[in-house]
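Fold and contact review
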Amino acid sequence: MKNLEGHVVIVTGGAAGIGGAITTVLTERGAKVIAVDINEEAGAEIEKTHPERIVFLKGDVSKESIAKEAVRIAVSKFGKLTGLVNNAHASRQKKLMDLTEDDWALSFGTGFNASLYFMKASYKELVKSKGAVVNFGSGAALEGQPLQASYAAAKEAIRGLSRVAANEWAEDGIRVNVVCPLALTEGVVNWKNEHPEQYEEVAKKTPLHRFGSPQEDIAPIVAFLLSNDSKYMTGQTVMADGGTVKLR
Ligand SMILES: NC(=O)c1ccc[n+]([C@@H]2O[C@H](COP(=O)([O-])OP(=O)(O)OC[C@H]3O[C@@H](n4cnc5c(N)ncnc54)[C@H](O)[C@@H]3O)[C@@H](O)[C@H]2O)c1
């Protein structure tokens, strides 16, 4: 399927995990991708898979200058920007009372601030292309999962921002949606090793009885939300979580 031919998309955290799968699937469907990530090794690897279609930008998404640089690269290298995927988000799991200023700053800096910086930096180009934004939320935030206070708060702030942007930017022809994934990435495997009981609980609660595959189950939903097939959808939160949460 080449339904993203002509699309130029920024993917934050686009070198590994779900972001890496998104970079790969978008590229396979014809898009050009600027993958922004702090992981230089993974970035160089993914760039090699389609050097004519993927540009890796090494950078910390919590810095506004990186967002501006990513947009500059999209325009100078590929002539436009049609999509933005705010996927990167780092955080530490601790009890609410143990979270430090630095922990809060990490989650809000890489999650909420980064999403805002990239949306602001992309806006003018997305107006021109009538593009789409896909932000990332989390079932853990919707459920208020223990040890996830800084993460959950930033994720719900991202969903609030996304709904407002969907309403304000509708007249510009820009759509903004949110995906809440559940996928077996390296990060989730580490979490599974640290908190095996929580992992078992989540897998058991999942109606489809498994964690999703980043490439087969999550990235195609992001591709759909960037494509013309979802042109009548905006301001939505799409649960890509095996049926765990049913939003109403
Ligand atoms: N994996 C899941 O099941 C799950 C569940 C709910 C929500 N999510 C959300 O999905 C998204 C992707 O999750 P994941 O599991 O693939 O994450 P991950 O931690 O495995 O990968 C994130 C990528 O972002 C990069 N990154 C981290 N901090 C960065 C920074 N400051 N600047 C630039 N790049 C940075 C990492 O190097 C990595 O390549 C996140 O928003 C996460 O919160 C994931």
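Residues numbered from 1 in each chain as written. Predicted model: local features only at pLDDT ≥ 70, side-chain atom pairs only at ≥ 80, totals over all residues. Heavy atoms only, no water.

Where an unreviewed UniProt entry is consulted, the protein appears under the name SDR family oxidoreductase, with the organism given as Bizionia saleffrena. The heading Sequence similarities (unreviewed entry) in the UniProt record of the protein holds the text "Belongs to the short-chain dehydrogenases/reductases (SDR) family." (UniProt positions renumbered as here; feature names shortened; annotations may be inferred.)

Observations regarding the overall build of the protein
Looking only at helices and strands, one finds nine helices and seven strands in the protein. Over its C-alpha trace the protein gives a radius of gyration of 17 Å, about what one expects of a compact globule, namely 18 Å for 248 residues. Dimensions along the principal axes, computed over C-alpha positions, put the protein at roughly 50 × 35 × 35 Å. For the protein, the residues scored as buried account for 52% of the 248 residues in total. Within the protein, contacts between residues separated by at least 24 positions form 70% of all contacts whose residues are at least 6 apart in sequence. (Helix = DSSP H or I, 4+ residues; strand = E, 2+ residues; numbered from the N terminus. Rg over C-alpha atoms; globule rule 2.2 N^0.38 Å. Buried < 20%, exposed > 50% of the residue type's maximum accessible area, 1.4 Å probe, protein only. Contact = heavy atoms within 4.5 Å.)

Some thoughts on the environment of methionine 119
Relative to the assigned elements, methionine 119 resides in helix H4 (residues 101-129). Considered as a pair, methionine 119 and asparagine 86 are 33 residues apart in the sequence and their alpha carbons are 8.5 Å apart. In this structure, methionine 119 is in contact with Leu84, Asn86, Val133, Asn135, Leu161, Ala165, Trp169 and Val176, ignoring residues within four places of it in sequence.

Concerning unusual backbone geometry
Located in the positive-phi region is lysine 130, a residue other than glycine, with phi close to 50°. Unlike most non-glycine residues, histidine 209 shows phi in positive territory, near 55°. With respect to the element layout, histidine 209 can be found in the loop between helix H8 (196-205) and helix H9 (214-226).

Points about the site of the ligand
In the neighbourhood of the ligand, 24 residues make up the surrounding shell, with Asp37, Asn87, Tyr151, Lys155 and Ala183 lying closest. Taking isoleucine 18, its main chain carries an N or O atom lying 2.8 Å from an oxygen atom of the ligand. One of the backbone nitrogen or oxygen atoms of alanine 183 is found 2.7 Å away from an oxygen atom of the ligand. Relative to its free-state accessible area of 820 Å², the ligand is covered by the protein chains to the extent of 85%. Mapped onto the shell around the ligand, the elements with two or more residues apiece are helix H1 (17-28) and helix H6 (149-169). (Near = heavy atom within 4 Å. Polar contact = N/O pair within 3.5 Å; in protein donor to acceptor, adjacent residues only side chain to side chain. Areas by Shrake-Rupley, 256 points an atom, 1.4 Å probe, with all protein chains shown as cover.)

Some details on the packing of aromatic side chains
By the definition in use, this model includes five aromatic pairs. Between tyrosine 123 and tryptophan 169 the ring centres are 4.8 Å apart and the planes differ by 45°, which places this aromatic pair in the tilted class. Here tyrosine 123, found in helix H4, pairs with tryptophan 169, found in helix H6; they are 46 residues apart in sequence, far enough to count as distant. Centre to centre, the rings of tyrosine 199 and phenylalanine 211 are 4.9 Å apart; their planes meet at 25°, and the pair counts as stacked. Of this pair, tyrosine 199 sits in helix H8 while phenylalanine 211 sits in the loop between H8 and H9; the two residues are twelve residues apart in sequence, bridging distant segments of the chain. (Phe/Tyr/Trp six-rings, centres within 6.5 Å; stacked < 30°, edge-to-face > 60°.)

Some words on the pattern of salt bridges
Inspection of the entire model under this criterion finds eleven salt bridges. Note that aspartate 60 and lysine 63 form a salt bridge whose closest N and O atoms lie 4.0 Å from each other. Under the relative-accessibility criterion, lysine 63 is labelled partly exposed at 47%. Residues aspartate 103 and lysine 94 are paired through a salt bridge, measuring 2.7 Å at the closest nitrogen-oxygen approach. Assessed through its relative accessible area of 2%, aspartate 103 is described here as buried. Note on lysine 94: relative accessible area 27%, which makes it partly exposed. Here the salt bridges share partners, and the residues they tie into one network are Arg92, Lys94, Asp102 and Asp103. (Salt bridge = Lys/Arg side-chain N within 4 Å of Asp/Glu carboxyl O.)

A short note on the nonpolar core
Ile10, Ile34, Val36, Phe118, Met119, Val133 and Val176 are the most contacted members of the largest nonpolar core, which totals 29 residues. Mapped by element, the contributors of at least two residues to this core are strand S1 (8-12), strand S2 (32-37), strand S3 (54-58), helix H3 (64-78), H4 and H6. Top element by residues in this core is H3. It accounts for seven residues. Other than its neighbours up to four places away in sequence, valine 133 contacts Leu84, Asn86, Met119, Leu126, Trp169, Ile174, Arg175, Val176 and Asn177. Grouped together as the second largest cluster of nonpolar side chains are 25 residues, Ala31, Val33, Ala183 and Ala223 included. (Core = buried A, V, L, I, M, F, W, Y, C linked by side-chain atoms within 4.5 Å.)

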